[in-house]
Protein chains: 2
Amino acid sequence: MAEQNPLISDDQINFLLHHVLDLESLFSQSYFQDHSWETSSLYIDAAKKLARTELFEAYKPMDNEPPKLSGDSLKVHPKMHQIYQSLAELGVIAATRPVEVGGAQLPSLAAVAAHIYLMAGNLSAYAYMGLTTGAARLIESFGAEDLQRTYMDRMYSGEWTGTMALTESQAGSSLADVSTKATPTEDGHYLLEGTKIFISGGDQDFTNNIVHLALARIEGAPAGIRGVSLFVVPKKRPQGDSLVDNDCTTTGVFHKVGWKGLPSIALTFGEKGDCHGYLVGEANKGIRYMFQMMNEARLMVGLNGVATSSVAYYESLIYAQERPQGRKVTQKDPSSPQLAIIEHADVKRMLMRQKAIVEGGMHLVFYCAQLNDLFEHGDDAAEQKNAGLLLDLLTPVAKTFPAEYGFEANALAVQIHGGYGYTKEYLPEAFLRDQKLNTLHEGTTGIQSLDLLGRKLMAGQGAAAMLYVSKAQETIEKAGSTAGCENLAKLFQEGLQTLQNTAMQLGQLGMTGEIEQMLMHSADFLQAFSLQTISWMLLEQAVCARRANAEGKLSEDFAQSKLLLARYFLNTELPRAQQLFALCTQGEDSYVQMKNEWF
Amino acid sequence: MAEQNPLISDDQINFLLHHVLDLESLFSQSYFQDHSWETSSLYIDAAKKLARTELFEAYKPMDNEPPKLSGDSLKVHPKMHQIYQSLAELGVIAATRPVEVGGAQLPSLAAVAAHIYLMAGNLSAYAYMGLTTGAARLIESFGAEDLQRTYMDRMYSGEWTGTMALTESQAGSSLADVSTKATPTEDGHYLLEGTKIFISGGDQDFTNNIVHLALARIEGAPAGIRGVSLFVVPKKRPQGDSLVDNDCTTTGVFHKVGWKGLPSIALTFGEKGDCHGYLVGEANKGIRYMFQMMNEARLMVGLNGVATSSVAYYESLIYAQERPQGRKVTQKDPSSPQLAIIEHADVKRMLMRQKAIVEGGMHLVFYCAQLNDLFEHGDDAAEQKNAGLLLDLLTPVAKTFPAEYGFEANALAVQIHGGYGYTKEYLPEAFLRDQKLNTLHEGTTGIQSLDLLGRKLMAGQGAAAMLYVSKAQETIEKAGSTAGCENLAKLFQEGLQTLQNTAMQLGQLGMTGEIEQMLMHSADFLQAFSLQTISWMLLEQAVCARRANAEGKLSEDFAQSKLLLARYFLNTELPRAQQLFALCTQGEDSYVQMKNEWF
């Protein structure tokens, strides 16, 4: 019988939380003082168990039978009804929210360690929860008391779900062009009119209401992002003791490539002129509010990228251990038994590459979660500020690396399955389809690269970049005095120096107003910066593993595997980073020179 | 109204045939003397027209409704019935076959220039033809007269289709492990018994017979590849004037990820003990026969990879020209109109990358077709031999580069479509699914890398490699004296030197018996060798374009675009090749050191 897919490695999670990121230290912050290893572990273990049973068992059925629209009523997969209850009872939606709003006030770092199992088991099922958290948080941060009581409370409790209704057909990457209309009424609410697309979880049949957080433009508002406001637009609005229809119509379902358990719909507000919307916070500040939540949304995408490549990695690892095919090139006896394909060097290479992408990406996203905890709830003001700076800088990388390299990892999982990988009888092709969304939603890779280079890197006269370098330098120093890591430290340091020089040169272009010149290779810069950052993560893991092993807290085997993993990635990818950094400053402008009609 | 997708660029085809590869020169070989520009163009134009209308129009319907099995009868998409007739009438199956067997005796170079349109328009539809050609060719080359008359003639005429029935569940990459049994009878035929899987086009309902070319083991044959024989196994066997059932049962249909118009089936021979097979050539030489046809099969995969990335490239180009979204980063007025996304530098980069992959890969596959023509039919014996050597060396690259980098190109086409790219309403996601098969069938990428490094590179004491270098040197010399290409020539030469040094060092490992050490980085070697080779192709194109422009035979714009394309690829990818070559010899053995249980 085939081994069961673990989705995520327990050893890796324990290693990150105990030996690398030190979850323990967060419990000494006053905000998290009621938490401990025990409370965190209880949550993580419960999530893990649910993920490996109910969620993962439903993954394939939900992939096979996406939600269906009949008339204007949408039905999701029947299994989602029970799954939603289980997830809501687990307390996923408000896990990190304050006790005072009904949450568990868990550190984000503990929450991501739990939620990554849920995502790996069934990303669509988890998505309903994550979307609800995100929508409710906007009300928590910016909404008035009555909105909080009427909507946020019911969302955090799991009674109603939430969505983000941002995109319109002419306004995807360019939210400045949102055109849904909001007309004020004398009763205080607004009447909304317009059509939103790609609304994930925008309709379902397992709760009796759905709350959309929608961007719209109040009549007479200025053009561009400074004229966009944020509204609560429920599917049904409370009226006395009952819920009445709020004129939000599901006008279409997109036939997505993956994430098949989660509907993506077109949603029309105000077909009958009776769609009430309730302003969140102040008028015309909608985009600003959204962006304050953006880091977390982007980290969730990164976490999803890691989860999706992890589940595929283990699927291909189990296959490689069990599938006999071929013999060593030096084995000339054709009647000798075939080997498990993991014995072939190239299959090992493909597994190693996946493992590096998964475990490097996981570390980065977890690190960002820890920074988020310190930024939002740290006791020390200076530490808090620095955490925020570094988090801002790392977010585009934590969003993009797991999505882009995760897609490559997912393709390798298919490849290891050979011809079988090209069939729907095996899971990797589904994970490959799922992964592709992560380079597109919550800001495409191109958008992330502009964010990194045009905004984050230069923020505060490069303060975040300097912080990055000094933190990385700490790893270099530790590595320099850790047996087996010395050469890797040197290699990494060279890369870090190139990163600094490149950032400096690009910064000068920016300061002299050569913005387009500066941003020309933004995609190359993001890729190089990502490779450098993941190298950092894997080097830090190798150092921590060696040290923990020296202290008798971790096995020699585990430490050795971490050292090999760092060696693989640094030797293979750091030279690529060097070369991509060089492209950013050497003025290679071939594609900019191309006239449109030459393509 | 949206522009029509051209599938393949006519300008690029004309450029390759006229100015780069010189199709003209083939007509002076006696074997091709009845052909000319006119006859070739007639065929190419007819194929192009069919591809852009009937074939491309049926692509999406065929992708949506794959073949269905009811009972043991398989029904393909209804549109295939007419399409098959059109393709058969065009003469696709026997286009390159000799006149004496009913073919048109066209040069392969002219045939690929026609067939690439067909593949780009509808890869599944073309595949029935390509498979039939391949199967019939085995009979043409190795079969006895009666097999040729009974089967080959009807296959070349299009009356019956053909398949390759090689794979079994325990014998995919390892054909040495084929176990289908063939028992001789007194009547001269064999009785076959066994199950084949992944038989493309293994069943259909548009011709009244199908001819399988199957590998099987004659009772008592030696173990391994030296005991495998090749058989003709028709679905129905001729008996007197009629066709009787030959006990070949379609026992399953694989649910493939792409190529949805083409069934891939499980086929059981001899369920009732009455499956007749007819030995092709001599017993126990089946694998040898197959391998003599392997180059062409692999080039067809490469051609398909190029076609599939080309059609997606044009889909994304048209979208980028028509889709307004966002403004220049320097444009601060939010009421200014949105730009077509092709105006964004990063979108141009994604288009440029696709274009380089498509046009570089196309050149390589076409070059191989020309080498094939010279190898099989050249008048000059020395030229013939050299063409064969170089063709052998380049085949794994021509098979793999379009598949692996084509997959990346296809992902970029999805990416350019943004959120829409993630829906089935647009075509790029389908092309992405189609492309993935090309890294798997006809030898996975891993197999190709072993073929290149373990067999082809070292063949004849490195004679093929030396030929490669001297041919590439010719391009360097031309480039050195072509305005705008001088620096690229230097860059390319450095890479070529590294390639030689690496090959030399790896060859020495091989000669001292360190085979596993030599092959440890075979995948990296294949990738580096591919990047070097595609750089060569793009540099050669830039040189030819500049020279043709100087002679007044080609527009300045076209020449300039080719120069930029070469500059983009050489500056971006040659440094990567350098670095991958270095990995091959520096003893980086991290993944080999990993114990199985450490993953």
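Each residue is numbered by its place in its chain's sequence as written, counting from 1. Chains carry letters from A onward and ligands carry numbers from 1 onward, assigned in written order. Owing to the predicted nature of the model, reporting of local features is limited to residues with pLDDT of at least 70; listing and counting of side-chain atom pairs is limited to 80 or more, with chain, interface and lining totals taken over all residues. Only hydrogens and water are removed before side-chain values are computed, so all heavy atoms of the structure are retained for them.

The next subject is the packing of helix H1 (residues 10-20) of chain A against helix H17 (residues 522-550) of chain A. The axes of two packed helices give the description: the angle between them and the distance between them. All names here are of chain A. It is the contact of H1 with H17, at a shortest axis distance of 10 Å, that shows an interaxial angle of 80°. Accordingly, the angle class assigned to the pair H1 and H17 is roughly perpendicular. Two secondary-structure elements touch here, H1 through Gln 12, Phe 15, Leu 16, His 19 and Val 20 and H17 through Glu 540, Gln 541, Cys 544, Ala 545 and Ala 548. Polar here means any residue other than Ala, Val, Leu, Ile, Met, Phe, Trp, Tyr, Cys and Pro, which are nonpolar, and Asp, Glu, Lys and Arg, which are charged; Gly is therefore polar. Counted by class, the contact of H1 with H17 contains six nonpolar, three polar and one charged residues. Axis geometry follows a simple rule: fit a line to the C-alpha atoms, using only the stretch in contact for helices, then measure angles between N-to-C directions, giving values from 0 to 180 degrees. Numbering of helices and strands starts at the N terminus; helices are DSSP runs of H or I of at least 4 residues and strands are runs of E of at least 2. Orientation labels follow simple angle bins: below 35 degrees gives roughly parallel, above 145 gives roughly antiparallel, 65 to 115 gives roughly perpendicular, and whatever is left gives oblique. What makes two residues a contact is simply this: any of their non-hydrogen atoms within 4.5 Å.

All names here are of chain A. Within the secondary structure layout, Gln 204 lies in the loop between strand E5 (190-200) and strand E6 (210-218). The cut-offs for exposure are 20% and 50% of the maximum accessible area for each residue type, with area from a 1.4 Å probe on protein chains only; residues under the lower value are buried, those over the upper are exposed, and the others partly exposed. Classification of Gln 204 by relative accessible area gives buried; the value is 3%. Of note is the side chain of Gln 204, whose polar atom sits 2.7 Å from the backbone nitrogen of Phe 206. Two N or O atoms form a polar contact when they lie within 3.5 Å of each other; inside protein one atom must be a possible hydrogen donor and the other a possible acceptor, and for residues adjacent in sequence the pair counts only when both atoms belong to side chains. Reaching out from Gln 204, the side chain makes a polar contact with the side chain of Thr 207 at a distance of 2.8 Å. Discounting residues that sit within four places of it in the chain, Gln 204 has contacts with Leu 74, Val 76, Tyr 128, Thr 161, Asn 209, Ile 210 and Lys 235.

Before going further, it helps to examine the relation of the copies chain B and chain A. Turning chain B through 180° and shifting it by 0.0 Å along the axis lays it on chain A, with an RMSD of 0.0 Å. The operation mapping one copy onto its partner corresponds to a two-fold rotation axis. Residues of chain B ranked by C-alpha distance from the rotation axis are headed by Arg576(B), positioned 3.2 Å from it. Looking at chain B, 100% of its interface residues are interface residues in chain A too, so the copies touch through the same face. Our superposition of the copies is a least-squares fit, built on the C-alpha atoms of residues whose pLDDT is at least 70 in both.

Before going further, it helps to spend a moment on the interface of chain B and chain A. In this assembly, 90 residues from chain B lie in contact with 90 residues from chain A. Buried area: the accessible area, evaluated with a 1.4 Å probe, that two parts lose upon being put together, summed over both parts. Looking at the side of chain B facing chain A, the largest losses of area belong to Tyr422(B), Trp598(B) and Phe599(B), adding up to 12% of the total buried there. For this document, the term salt bridge refers to a Lys or Arg side-chain nitrogen within 4 Å of an Asp or Glu carboxyl oxygen. Applying the counting criterion to the chain B and chain A interface returns eight salt bridges. Ionic pairing is found between Arg327(A) and Asp177(B), a salt bridge with its closest N-O pair at 2.7 Å. At the junction of chain B with chain A, the criterion picks out 52 residue pairs in polar contact (both at pLDDT 80 or more). Of all the elements, helix H18 (residues 556-585) of chain B adds the most residues to the side of chain B that touches chain A, at 13 residues. Classifying every residue of the side of chain B that touches chain A by side-chain character gives 35 nonpolar, 31 polar and 24 charged.

Residue and element names in this part refer to chain B. Packing of helix H14 (residues 459-480) against helix H17 (residues 522-550) brings their axes to within 9 Å, and their N-to-C directions diverge by 40°. In this view, H14 runs oblique relative to H17, as classed from their interaxial angle. Crossing of H14 against H17: the hand is left-handed. Across from Tyr 468, Lys 471, Ala 472, Thr 475, Lys 478 and Ala 479 in H14, the residues of H17 making contact are Phe 529, Gln 532, Thr 533, Trp 536, Leu 539, Glu 540, Val 543 and Arg 547. Along the lines of polarity and charge, the residues of the contact of H14 with H17 split into seven nonpolar, three polar and four charged. By the definition used in this description, the sense in which the near helix is turned from the far one sets the handedness, with an anticlockwise turn below a right angle giving left-handed and a clockwise turn giving right-handed.

Bringing the packing of aromatic side chains into the picture now. Any two of the Phe, Tyr and Trp rings considered here, Trp counted by its six-membered ring, make a pair once their centres fall within 6.5 Å; the pair's planes then place it as stacked at under 30 degrees, edge-to-face at over 60, or tilted in between. In this structure the tally under the stated criterion is 47 aromatic pairs over all chains. Ring centres 5.0 Å apart and planes at 85° place the aromatic pair Tyr31(B) and Phe32(B) in the edge-to-face group. Among the residues examined, Phe32(B) registers a relative accessible area of 1% and is labelled buried. A network of ring pairs unites the aromatic residues Tyr367(A), Tyr468(A), Phe525(A), Phe529(A), Trp536(A) and Phe581(A) as a single cluster.

Attention now moves to the pattern of salt bridges. Per the stated rule, a full pass over the model turns up 60 salt bridges over all chains. Linking Arg567(B) and Glu588(A) is a salt bridge whose minimum nitrogen-to-oxygen distance equals 3.4 Å. With Arg567(B) in helix H18 and Glu588(A) in the loop between helix H18 (556-585) and helix H19 (590-593), this residue pair bridges two chains. On the basis of relative accessible area, Arg567(B) is assigned to the partly exposed category, the value being 26%. For Glu588(A), a relative accessible area of 4% puts it in the buried group. Here Glu540(B) and Lys478(B) are joined by a salt bridge, their closest N and O atoms 2.7 Å apart. With a gap of 62 residues between them, Glu540(B) in helix H17 and Lys478(B) in helix H14 connect regions that are remote in the sequence. Through salt bridges that share partners, Asp10(A), Asp45(A), Lys48(A) and Arg52(A) make up one connected network.

This paragraph deals with the pairing of strand E11 (residues 264-269) of chain A. Residue and element names in this part refer to chain A. Burial within E11 is extensive, with six of its six residues counted as buried. Because side chains alternate across E11, one face comprises the buried residues Ser 264, Ala 266 and Thr 268, and the other comprises Ile 265, Leu 267 and Phe 269, equally buried. Two strands qualify as a pair provided DSSP detects at least 2 bridges between them. With five bridges joining them, E5 and E11 adopt antiparallel strand pairing. Bridged to Thr 195 within E11 is Thr 268. Here strand E10 (residues 248-253) pairs with E11 via five bridges, running antiparallel. For Gly 252, the partnering residue across the bridge sits in E11 and is Ala 266.

Here we come to the environment of Gln532(A). Residue and element names in this part refer to chain A. Along the chain, the position of Gln 532 falls in helix H17. Residue class for Gln 532 comes out buried when judged on its relative accessible area of 0%. In this structure, the C-alpha to C-alpha distance between Gln 532 and His 115, residues 417 residues apart in sequence, is 26 Å. Apart from the residues lying within four places of it in its own chain, the contact partners of Gln 532 are Tyr 468, Phe 492, Gly 495, Leu 496, Leu 499, Leu 574 and Phe 581.

Turning next to helix H12 (residues 428-436) of chain A. Most of H12(A) is tucked away: nine of the nine residues are buried. Looking at H12(A), one finds that the buried residues are Pro428(A), Glu429(A), Ala430(A), Phe431(A), Leu432(A), Arg433(A), Asp434(A), Gln435(A) and Lys436(A).

Residue and element names in this part refer to chain B. Cysteine sulfur atoms that pair up within 2.5 Å are treated as a disulfide. According to the stated counting rule, one finds zero disulfides over all chains in the structure shown. Cys 275 takes part in no disulfide bond, and the closest cysteine sulfur, belonging to Cys 248, lies 4.1 Å away. Judged by its relative accessible area of 0%, Cys 275 falls in the buried class.

pLDDT measures how confident the predictor is about each residue, on a scale from 0 to 100. On average, chain A scores 96 in pLDDT, and the residues at 70 or more come to 100%. Scored as a complex, the prediction yields pTM 0.98 and ipTM 0.97.

Turning next to helix H1 (residues 10-20) of chain B. Residues and elements named next belong to chain B. For H1, the complete set of buried residues consists of Gln 12, Ile 13, Phe 15, Leu 16, Leu 17 and Val 20. Against the buried residues of H1 lie helix H2 (23-27), helix H3 (37-64), helix H5 (108-121), helix H9 (345-377), H17 and H18. Of the residues flanking the start of H1, the one acting as N-cap is Ser 9, its side-chain oxygen 3.3 Å from the backbone nitrogen of Asp 11.

Looking now at unusual backbone geometry. Residue and element names in this part refer to chain B. Here the phi dihedral of Asp 22 falls at roughly 60°; this positive angle occurs in a residue that is not glycine. For Asp 22, the position within the fold is in the loop between H1 and H2. A residue is classified by how much of its surface remains accessible, and Asp 22, at 36% relative accessible area, is partly exposed. Unusually for a residue other than glycine, Phe 198 sits at a positive phi of about 55°. If you trace the backbone, Phe 198 turns up in strand E5 (residues 190-200).

Phe366(A) and Phe366(B) are the most contacted members of the largest nonpolar core, which has 425 residues in total. Contact partners of Phe366(A), with chain neighbours within four places excluded, come to Ile13(A), Leu16(A), Leu17(A), Leu21(A), Leu109(A), Val112(A), Ala113(A), Ile116(A) and Leu303(A). What we call a nonpolar core is a set of buried Ala, Val, Leu, Ile, Met, Phe, Trp, Tyr and Cys residues that are connected through their side-chain atoms within 4.5 Å.

Time to look at the side chain of Arg237(A). Residue and element names in this part refer to chain A. The residue Arg 237 is located in strand E8 (residues 236-239) in this model. Within the structure, Arg 237 has its side chain in polar contact with the backbone oxygen of Asp 274 (distance 3.1 Å). Among the polar contacts listed, one links the side chain of Arg 237 to the side chain of His 276, at a separation of 3.5 Å. In this structure, Arg 237 is in contact with Ser 242, Leu 243, Val 244, Asp 245, Asn 246, Asp 274, His 276 and Tyr 278, ignoring residues within four places of it in sequence.

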